[in-house]
Every structure is written in C-alpha cells, then in structure tokens.
Amino acid sequence: MPGGGRCPDCGSTELVEDSHYSQSQLVCSDCGCVVTEGVLTTTFSDEGNLREVTYSRSTGENEQVSRSQQQGLRRVRDLCRVLQLPSTFEDTAVAYYQQAYRHPGIRAARLQKKEVLVGCCVLITCRQHNWPLTMGTICALLYADLDVFSGTYMQIVKLLGLDVPSLCLADLVKTYCSSFKLFQASPSVPAKYVEDKEKMLSRTLQLVELADETWLVTGRHPLPVITAATFLAWQSLQPSERLRCSLARFCKLANVDLPCPASSRLQELLAVLLRMAEQLAWLQVLRLDKRSVVKHIGDLLQHRHTLIRKAFRDGTAELEGGGKELQGQDLGPGRGKAEAASSSLDLPEGKRPASPALLLPPCMLKPPKRICPPPPISTVTGDEDISDSEIEQYLRTPQEMRDFQKAQAARQAATGVPNPT
Amino acid sequence: MDQNNSLPPYAQGLASPQGAMTPGIPIFSPMMPYGTGLTPQPIQNTNSLSLLEEQQRQQQQQAQQQAQQQQQQQQQQQAVAAVQQSTSQQAAPGASGQTPQLFHSQTLTTAPLPGTTPLYPSPVTPMTPITPATPASESSGIVPQLQNIVSTVNLGCKLDLKTIALRARNAEYNPKRFAAVIMRIREPRTTALIFSSGKMVCTGAKSEEQSRLAARKYARVVQKLGFPAKFLDFKIQNMVGSCDVKFPIRLEGLVLTHQQFSSYEPELFPGLIYRMIKPRIVLLIFVSGKVVLTGAKVRAEIYEAFENIYPILKGFRKTT
C-alpha cells in the first residue's frame, strides 16, 4: 500500500505492486490502470555486475576433483593399504598427490605418468617416515618401468620442492631379512637350513655395516649388498651344513628374488673378510680361502673395527702422500687371542702379513678400462680460413649421386615402400 | 630388476616426517687451515649479498687486484711495524729485539692462483687488516677438462634436407626417425644437426674455438651445396667438463649436509647430482672422486663451480 499515491484515472488510493514478469509495475486495484512501470532493459552500468562467465569457469573444472584425479587418489589409498602402511601415511600421500595435481604439467600428463605418480607419492611419504620401501617394490606393484618411475620421481621432487631423506639401510635390512622364508621348517626348507631370526638379523646388520665401512655400499643399489650379507650370515651360523649351498639356491629356498649384482657383492665382501682374516694370527696359519673364511665370520665380526684399521690403510692418505710401506704391524690392544709377541715370533720373515691394502671403493681399485691421453693443447682460434679442398671432401661427385639414387630406387622397388626421403 | 617383495609385517612407530629437515648449514671442516682471503668458501657464496659483490669484483678484476696488492703491502708493513713495536716492547728485557721473520717473508697475493685461468679471479673475501701468514696457494691445483661443447647457429635460409642428404657424403637423413640431417666432419671431430628452417646445432667439440670453427665448416659445406648460407647468432649453449679429485667421496655424508642442493638415489643412479646455485651448474659426483660439471655457458663457470665444490669434497674424505 503505497502512501500518497492516487490513480490518475479513478482517484483511488488502492495501488498495488504487481510486477508483470520481470517488469515492476504499480497498478490501481480498482480500475486496473498502470500508474508506473519499471525499466524493462538494463543499462550498461547495471550490466557491469553481470559480466559473462567463461565456459571453463562455469564448469568449475579447476575447482572440482576430476575423475582421473579421483581415481588416482583411490589408487593411492589402495596402495597404502596393500603395503599395510599406517593410516597417517595414507593422508600424507593423498595430500602430496593433490598437491602435485594442481600443477598443469601433471594435470595434462599421460595416464601412465599419473599411475606412476601414485607410487611416487607413496614412496616419498614412506621415505619421510623412514619406512624402508624400495623403488623396486613399488614398480613391481604398479607394473611400471623403473625408467618411467625414476623420471616422474625426480620431476615431482623438484616440482614440489621436497626434501626426501635417503633410504634407511638398517631398517631395510630388518625388513628384507624378515622376508626370507628360513625361520621355520617347511617341505622346501630342511631343518638344517632353518635359522633363528634374531641371530641372522644381527649378523647381517654387522656384515652390512662392514660393507658400508669398506666402500662396498656407496653408489650401489643397497639390495644386492644386503642379499649377499644375509647369505653370508646364514652360512656362517652353521657352516658345516650350509657351505655347500650356493647363493642362487639360497634365494630360491628363501623364496626371494636374486638380484643380479648380488654375486659380485658377495665376492667383494669375501675379499674384505679375507684381508681382515690375514690380520688374525690364528687365522693366518690356516691359509683361508673364500669358502673357509665363512667359518670364521663370527670372530672377524667381533673384532671388525680393529681388523679394518689394521688390514687397510687409508686410501685417501695413500693417494695423497704417494705411498709409504707400512712394515711392522703394531697389533693393537689385544681384544682377541692374538698375542703380539707370539705372532711376531712365530711367523718367519717370509710369512709376514701382507702390507695393508688400500681402503678404496672397488671402482678405484680396478685398473682403468682405457687410458685417456690428455688432449693435445689446441691452438684453434675459430677464425681460421677453411680451405675449399677440405670442404670438397664432404661433397659427392655426380657419379656418386647417380649411384646413390639408383641404389635408393632399387631398395624402394624391392621393399615396395614409397621412398621416404 | 631387483625386487623387494617383502612387505613390512610390523608397524613401525610413527616418526615425525623427516621431510622438514633444517636447511643444511654447511658443515665444513677444513683439513688445512684456510686463510681469510685466498680460499674459495663453500656454499656461503650463494648468499645474495656476496653474489653482487662477486659480480662487481669480476668486472673490476684487474684494477682491484692491483689496488689490493698495494693495499696489502701497506697493511703488511703496518702489521709488521705494529708487531715490531710490540715485540720490541716485549723483548726489551732480554732479547736482542729481533723482529719476527715470519711476517716479512710471507707474501700475500691475490694474483691468479696457479691452475686457474686468468679469466676467473679467485673469490676474495673482504680483506681484513690482520692477515696472518697463510699458505699462498689453496686452490685445488686441478683443472677440469672440457669434454663437450654444444652450440647453435642460424644459417639464415630455408634448406632442402633431401638435397643435402643426396649431395653430401657425410650426411644422414631419416625423416621418419628425426626431422633433421645429421652431418659429421673429421676435423674438429663434431656432429651437426641441420634443420630445414636453417638452424643448426653443433656438438662434440672440445673447446669454444673448435666449436666455432666446426660450425663455420658446416656452414661452408651447406654453402657449397648451393644454399645461401650465412653465419648468424653463433651461441654456445652448453659446456661439459670433467675432472678427478683422486680420492673417494662419502656420498651419503654429502647428501646429508648439503641436502638442499644434492640428490643421491643409489637405486637409480650411482652418482650424486649436485645443483649449485652460483654459478648455475649441475655437478655429477661419483664415489671414485670423478666429477662431471655441466650446464655452463662459459668456461669460467665450470672452473668456478669446481673451485667451489673442491673444499666441500675434501671435507668428506676421511673415512674411519
């Protein structure tokens, strides 16, 4: 009921707001006369607030979670469950996946890459919580190529700017060793091969530490070293029965894949142990070889710190100083049964222990594959004259061109394929 | 490849995420006492302040060195005089007032250290008045060798790759595999990719001058094949160098202390990938002590990067 308004026709005060669709109107309820009406169209200034919305924004595709992203997030959760990871890992991995998905490069990537990205997020989460998960495991679970995985992994670490700690070797040893099926007798595992888990774990850990100290682990894939160490630990706990078992058979018994480099790691580890054995007097006389040294691994590990110090001289100092011969072995404080006096008396000159070997990574001990001569000092300025004859040697004679064309035509006729060039 | 089919059967305690590691404070324990001015300092050079200082110094290299030498001599004389005074005071009671010889005979110099090119000055920290005797040369003495130079040049005209492949002996062209002619010359031993737009990439040379000469030879071959080839915008895009520090390196230790620059994944690659910020060079560091440096546009960047990394690597030398 507007105040003060009167219909110009009949003079009544009964005016009502009665909009005709979108047009606002003031109408007299007695005679029906339209007193005032609103504007039908909007002005430009009004339309300032009603700007058009682009299609991509109207669909909300960048705010919503796309179907492939949803699928990826589901795969992340599934992978965490398959690996039996704690639930907080799941949330972290999902967060990483979402974070990665915000980058346009990842959003537009191929499905193969998105699959592998699932594994990368889980791996990063595990590494940050020191959960020992190898890339090999993830690639096997995702049926992915290690090359594709490595490319995506390096990219995502750089993209998200993450600090990913290294794989924790000790944890990996514990996990990997526990997966060997040797702790209970079964139809495939005879009783003499069954071993106590704790003893094997502790000895394997010591052997891996030994390998780490003697440069066998740096720069190499950790798993073959651990496989070799586990094998040696297992053998040494009951050598009389187990020396006959080979590395390949051992892995088959334990239901574990044998990584290719494991045999060469095994040889390297045995060589280190042999060098250490040379420093123990009661082992020197036994003239050990790679098989018999296994029986004494227990003793060698017990005194490993001293033995490493005595058996190896610092490779770096050696390279620096140009080599000095260490003649007499000064046997340190006796932690073993070796008596300093007795050893120097018992062994005649000829049987003196060998001068210590260099403690260097194996790649530095091997002779270089090819000797690269230092490049001759070149006096090229870049602006010399170029003789025509030199260039002409790279041009075909007309005869050669005809021959080439004939050969091409012949090949084309033979294969029946249109000439690609 | 190797497979670890084991799934962790037990749940480990939930450690806090290791990802939030504190940025690595360079833990650098020098083997030999380093002087204040002569040794390249590790990582600290990446500070933005010293960046500007470094650039300024490189620009005014000659003048500064001379001025500094004069300055040092003055300071040396001052220091010697001061010491003489103090020692004479101290020694007054008994000694014959001998001046300590050690300050005299040491010549502190910021002349280019042996083993480095004159283009690149040794990074000098601000000279302090008190400069005790230091060994003059703290540089590594190792010069990285250039192994590969990649350069590009614009020949300035459209090319018909089929004709080039037909008329040149040293060319191969397989359009299904790659859309460019691959041409090789014997001296300098290089390879070029020649595209139909007239652009060319030249790889394999061992020095900048050789790369330029090789590119000119390729342009000349294309000219002789009948195209109006020019030699425009020759630019060196990448330089790769390598050297050997001759001692083994504990890569695991290096990645711990320099986490924000290093990437070491032994499961993927045996070397450590170190992304240096200043100069912007990527170094591949291997356990044998071999170092590959790449990503440089000029030779000086490679030398500078190596001088920066050498003290860091020396810090990881001791094993037990």
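Residues numbered from 1 in each chain as written. Chains lettered and ligands numbered in written order. Predicted model: local features only at pLDDT ≥ 70, side-chain atom pairs only at ≥ 80, totals over all residues. Heavy atoms only, no water.

Under the annotation held in an unreviewed UniProt entry, chain A carries the name Transcription factor IIIB 50 kDa subunit and is attributed to Neovison vison. Per UniProt, chain A has the following entry under Sequence similarities (unreviewed entry): "Belongs to the TFIIB family." (UniProt positions renumbered as here; feature names shortened; annotations may be inferred.)

**Q** Can you help me understand the overall build of chain B in this one?
**A** Secondary structure assignment for chain B yields 7 helices and 10 strands. Looking at chain B residue by residue over its 320 residues, the buried ones come to 44%. Taking the contacts inside chain B whose residues are at least 6 apart along the sequence as the reference set, 66% of them involve residues at least 24 apart. Just so you have it, chain B exposes about 16000 Å², and 56% of that area is on carbon and sulfur atoms. (Helix = DSSP H or I, 4+ residues; strand = E, 2+ residues; numbered from the N terminus. Buried < 20%, exposed > 50% of the residue type's maximum accessible area, 1.4 Å probe, protein only. Contact = heavy atoms within 4.5 Å. Areas by Shrake-Rupley, 256 points an atom, 1.4 Å probe, with all protein chains shown as cover.)

**Q** How should the environment of Leu253(A) be read in this particular structure?
**A** All names here are of chain A. Its location among the elements puts Leu253 in helix α13 (residues 247–253). In the structure, Leu253 is positioned 64 residues away from Val189 in sequence and 6.3 Å away in space, judged by C-alpha atoms. Sequence-distant contacts of Leu253, defined by excluding residues within four places in its chain, comprise Lys181, Ser188, Val189, Pro190, Tyr193 and Cys245.

**Q** What's the story with the side chain of Thr190(B) in this structure? I'm lost.
**A** Residues and elements named next belong to chain B. Mapped onto the elements, Thr190 comes out in strand β4 (residues 190–195). The buried category is assigned to Thr190, whose relative accessible area is 4%. The contacts of Thr190, once residues within four sequence positions are left out, are Met183, Arg184, Ile185, Cys202, Thr203, Gly204, Ala205, Ala214 and Tyr218.

**Q** What is the right way to read the pattern of salt bridges from this model?
**A** Think of it this way: side chains of opposite charge can pair up when their charged atoms draw near. Residues and elements named next belong to chain A. In total, this model carries 25 salt bridges over all chains according to the counting rule given. Ionic pairing is found between Arg81 and Glu90, a salt bridge with its closest N-O pair at 3.4 Å. A relative accessible area of 10% means that Glu90 is categorised as buried. When the shortest N-O distance is used, the salt bridge between Arg265 and Glu268 registers 3.6 Å. Placement of the pair is Arg265 and Glu268 together in helix α14 (residues 262–277), with a separation of 3 residues, close to one helical turn. Each of Arg77, Asp78, Arg81, Glu90 and Asp91 takes part in a single network of salt bridges with overlapping partners. (Salt bridge = Lys/Arg side-chain N within 4 Å of Asp/Glu carboxyl O.)

**Q** Is there a simple way to explain the sheet that holds strand β7 (residues 262–264) of chain B in this structure?
**A** Sheet strands line up and pair through hydrogen bonds in the backbone, either parallel or antiparallel. Residue and element names in this part refer to chain B. Strand order in this open sheet of 10 strands is β2-β3-β4-β5-β1-β6-β10-β9-β8-β7, and the pairing throughout is antiparallel. Edge positions in the sheet fall to β2 (171–173) and β7, since each has one partner strand and no second. Neighbour to neighbour, the strand axes of the sheet diverge by 15° on average, direction disregarded. Here β4 pairs with strand β5 (residues 199–205) via 4 bridges, running antiparallel. Each residue of the ladder has a partner; that of Ala192, found in β5, is Cys202. Its contacts with the sheet put helix α5 (residues 208–224) on β1 (145–154), β3 (180–185), β4, β5 and β6 (232–244), and the angle it makes with β5 is roughly 135°. Across the sheet, helix α7 (residues 299–314) lies against β1, β6, β8 (272–276), β9 (281–285) and β10 (290–296), angled at about 140° from β10, the strand it touches most. (Pairing = 2+ DSSP bridges. Axes fitted to C-alpha atoms, helices over the stretch in contact; angles between N-to-C directions.)

**Q** Explain the interface of chain B and chain A to me, please; I cannot follow it from the model alone.
**A** By a widespread convention, an interface's size corresponds to the accessible area lost as its parts come together. Of the residues lining the interface, 69 residues belong to chain B; the matching set on chain A comes to 81 residues. If you look at where chain B meets chain A, you find 9 salt bridges. Between Arg127(A) and Glu265(B) there is a salt bridge; the shortest N-O distance is 2.8 Å. In this structure, the connection of chain B to chain A is made through 24 residue pairs in polar contact (both at pLDDT 80 or more). Here the side of chain B that touches chain A gets 9 residues from one element, more than from any other, and that element is α5(B). Along the lines of polarity and charge, the residues of the side of chain B that touches chain A split into 30 nonpolar, 17 polar and 22 charged. (Polar contact = N/O pair within 3.5 Å; in protein donor to acceptor, adjacent residues only side chain to side chain. Nonpolar A, V, L, I, M, F, W, Y, C, P; charged D, E, K, R; others polar.)

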